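# Commentary on secondary and tertiary structure
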Amino acid sequence: MTTLTKTYEPLTETTAIELAIKLHFFENSTSINCKEIGDGNLNLVFHLTDENNKGVIIKQALPYAKVVGESWPLTLKRAQIESNSLKEAAKHVPSLVPTVYYTDEHLAITVMEDLSHLTISRKGLMNGEDYPLLSEHIGQFLAKTLFYTSDFGLNQQKKKLLQQQFANPELCKITEDLVFTDPFYDSETNNFERELLPVVSEIWNDSSLKLEVAKLKYSFLTNGEALLHGDLHTGSIFASNNETKVIDPEFAFFGPIGFDVGQFFANLIVNALSREPQKQGVLFDHINKTWDVFTTEFTKQWTLDSVEYFTKTEGYLSYVFQSILEDTIGYAGCELIRRTIGLAHVADLDNIPSIETRLKAKTKALQLGKYFILNRANIHSVEDFIQVSLQHVQQ
Ligand code: SR1
Ligand code: MG
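Residues numbered from 1 in each chain as written. Chains lettered and ligands numbered in written order. Predicted model: local features only at pLDDT ≥ 70, side-chain atom pairs only at ≥ 80, totals over all residues. Heavy atoms only, no water.

Looking at an unreviewed UniProt entry, the chain carries the name Methylthioribose kinase, with the source organism given as Sutcliffiella cohnii. Database annotation for the chain, UniProt heading Function (unreviewed entry): "Catalyzes the phosphorylation of methylthioribose into methylthioribose-1-phosphate." As its UniProt record puts it under Subunit (unreviewed entry), the chain is described as follows: "Homodimer." (UniProt positions renumbered as here; feature names shortened; annotations may be inferred.)

As structure tokens, this is what we get:
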């Protein structure tokens, strides 16, 4: 493979084409087109195509958070974490992640499969798409990636070594701050409509709520159950009616399983909050199905592929599921709150055109987030989780 310059600099559309040619991605092409299409918070994403519609994606980490600017420096190491995480996931769910063709640690680039025939699921859901296979696929993704990197499915010595490879302190710090800390006090990173101040102040002044958030944050900091995606919202999932691809795992690290599940559920709920009541059901069906597929697959793997002696012990699996569900609900609550008043919002809520409807939806997101955090230990099934969600969303 061609050796590239080892001095980091951000690519432009022109230098991205030069790079792709150097790497022999377009050997038989006469004309290559390149467009920077990154609409996320952190990276440059170049989409390159030739005259035969052959395409490739070059993703490059910037040394700062794009959403804030150069005043927020950020490690380039995240590009390596992302491509290693995609490669790890490909061992378990090859059809659910993009293929990585090439990575360069110094340039912080990952060259990967072109997924431009798919749509980012947040955008699609906002346009009223239902994605019938989304929950089947994400349930499989969660069951396989999480089980086979946990102490139940991976040799426990190997797991400890893998855990070292995925130490991701700077990206974890972003989550620790933006998901667990800042939304719960008057931090300058927060961002919300002044009309929400009364309900936001209730959150800031609720010491029982803060105690529960502290426990959830502590579990995020210390409970390295499995290799997480770490940022599994609907903006990290490409979809069509028959395909699903999970992208963007730069926040990957060993953490509590319920964090990935909870982020996905919360992002389905914010989409439900942006829809008319009669179109919300499909989002809750997705939550139900995701949990069903996740637990069914996890159970199969637990029975057939366990490396842990105690998995044969009566009651252990239901204890594990109950604890994952409790975490899922708590993390979903934190995600609902931070996506409403924290630094990184979601278009589902922000793009609701009428201010009055938008404020109502955001208030419901905050109330439901609080409810989840405070009552997570008393919600014992996904059906109850959905019922409580519907009571808040459709009130
Ligand atoms: C500064 S990064 C803000 C958010 O974008 C990412 O996708 C994560 O969700 C992070 O919290
Ligand atoms: Mg992302």
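### Let's talk about the packing of aromatic side chains
A full pass over the atoms with the stated rule returns 23 aromatic pairs. Judged by centre distance (5.9 Å) and plane angle (45°), the ring pair of Phe25 and Tyr101 falls under tilted. Here Tyr101 lies in strand S6 (residues 100-104) and Phe25 lies in the loop between helix H1 (13-22) and strand S1 (32-36), a separation of 76 residues in the sequence. For Tyr101, a relative accessible area of 41% gives the class partly exposed. (Phe/Tyr/Trp six-rings, centres within 6.5 Å; stacked < 30°, edge-to-face > 60°. Helix = DSSP H or I, 4+ residues; strand = E, 2+ residues; numbered from the N terminus. Buried < 20%, exposed > 50% of the residue type's maximum accessible area, 1.4 Å probe, protein only.)

### Describing the site of ligand 1
Surrounding ligand 1, one finds Asn41, Leu42, Val67, Trp72, Leu178, Asp231, His233, Phe251, Arg338, Arg339 and Ala344. One of the side-chain N or O atoms of Asn41 is found 2.6 Å from an oxygen atom in ligand 1. Side-chain polar atom of Arg338 to an oxygen atom of ligand 1: 2.8 Å apart, as the coordinates give it. Calculation on ligand 1 without its partners gives an accessible area of 320 Å², and the protein chains cover 95% of this total. Considered class by class, the residues forming the shell around ligand 1 number 6 nonpolar, 2 polar and 3 charged. Domain assignment of the residues forming the shell around ligand 1 places at least three in each of domain 1 (13-113) and domain 2 (119-393). (Near = heavy atom within 4 Å. Polar contact = N/O pair within 3.5 Å; in protein donor to acceptor, adjacent residues only side chain to side chain. Areas by Shrake-Rupley, 256 points an atom, 1.4 Å probe, with all protein chains shown as cover. Nonpolar A, V, L, I, M, F, W, Y, C, P; charged D, E, K, R; others polar. Domains from an automatic or database assignment.)

### Considerations on the UniProt feature "binding site: substrate" (unreviewed entry) in the chain
The sites that carry the UniProt feature "binding site: substrate" (unreviewed entry) are, in the present numbering, Asp231 and Arg338. Spanning 108 residues, the named residues form one tight spatial group whose C-alpha atoms are at most 13.1 Å apart. Within the element layout of this structure, Asp231 appears in the loop between strand S9 (226-228) and strand S10 (237-239). Residues contacting Asp231, with those up to four places away along its chain left out, are Ser236, Phe251, Asp260, Gln263, Arg338 and Arg339. Relative to the elements of secondary structure, Arg338 occurs in helix H11 (residues 316-341). (Contact = heavy atoms within 4.5 Å.)

### Re the domain arrangement of the chain
Structurally, the chain comprises domain 1 (13-113) and domain 2 (119-393). Computed over C-alpha atoms only, the centres of domain 1 and domain 2 are separated by 26 Å. Listed as interface residues are 28 residues of domain 1 and, on the opposing side, 29 residues of domain 2. Of the roughly 2,200 Å² buried between domain 1 and domain 2, counting both surfaces, carbon and sulfur atoms make up 66%. Its largest share of buried area at the contact with domain 2, domain 1 owes to Ile81, His92 and Leu96, together 26% of the area lost on that side. At the junction of domain 1 with domain 2, the criterion picks out 3 salt bridges. For the salt bridge of Glu250 with Arg78, the shortest nitrogen-to-oxygen distance reads 3.2 Å. (Buried area = accessible area lost by both parts, 1.4 Å probe. Salt bridge = Lys/Arg side-chain N within 4 Å of Asp/Glu carboxyl O.)

### With respect to the environment of Ile341
You can see Ile341 is positioned in helix H11. By relative accessible area, which is 0% here, Ile341 ends up buried. Those residues in contact with Ile341, other than ones at most four positions away along the chain, are Pro183, Asn190, Asn191, Phe192, Val200 and Leu366.

### Some thoughts on the sheet that holds strand S8 (residues 119-120)
An order of S8-S10-S11 is seen for the 3 strands of this open sheet, with the pairing classed as antiparallel. The open sheet terminates on both sides in strands that have one partner only, identified here as S8 and strand S11 (244-246). The sheet contact formed by S8 and S10 spans 2 bridges and is antiparallel. Bridging from a neighbouring strand, Thr119 pairs with Ala239 of S10. (Pairing = 2+ DSSP bridges.)

### What to know about the nonpolar core
If you look at the biggest cluster of nonpolar residues, it comprises 86 residues, and the most contacted ones within it are Ile269, Ile287, Phe294, Phe298, Phe372 and Phe385. The biggest single contributor to this core is H11, with 12 residues. Two domains each provide a minimum of three residues to this core, namely domain 1 (13-113) and domain 2 (119-393). In this structure, Ala16, Cys34, Leu48 and Tyr64 belong to the second largest nonpolar core, which totals 19 residues. (Core = buried A, V, L, I, M, F, W, Y, C linked by side-chain atoms within 4.5 Å.)

### Concerning the packing of helix H6 (residues 169-181) against helix H8 (residues 207-222)
Running from N to C, H6 and H8 cross one another at 165°; their axes reach a closest spacing of 10 Å. Classified by the angle their axes make, H6 and H8 are roughly antiparallel. By crossing handedness, the relation of H6 to H8 is classed as right-handed. Between H6, through Cys172, Thr175, Glu176, Phe180 and Thr181, and H8, the contact on the second element is made entirely by Val213, Leu216, Lys217, Phe220 and Leu221. Residue composition of the contact of H6 with H8, by class: 6 nonpolar, 2 polar and 2 charged. (Axes fitted to C-alpha atoms, helices over the stretch in contact; angles between N-to-C directions. Parallel < 35°, antiparallel > 145°, perpendicular 65-115°, else oblique. Left-handed = near helix turned anticlockwise from the far one by under 90°.)

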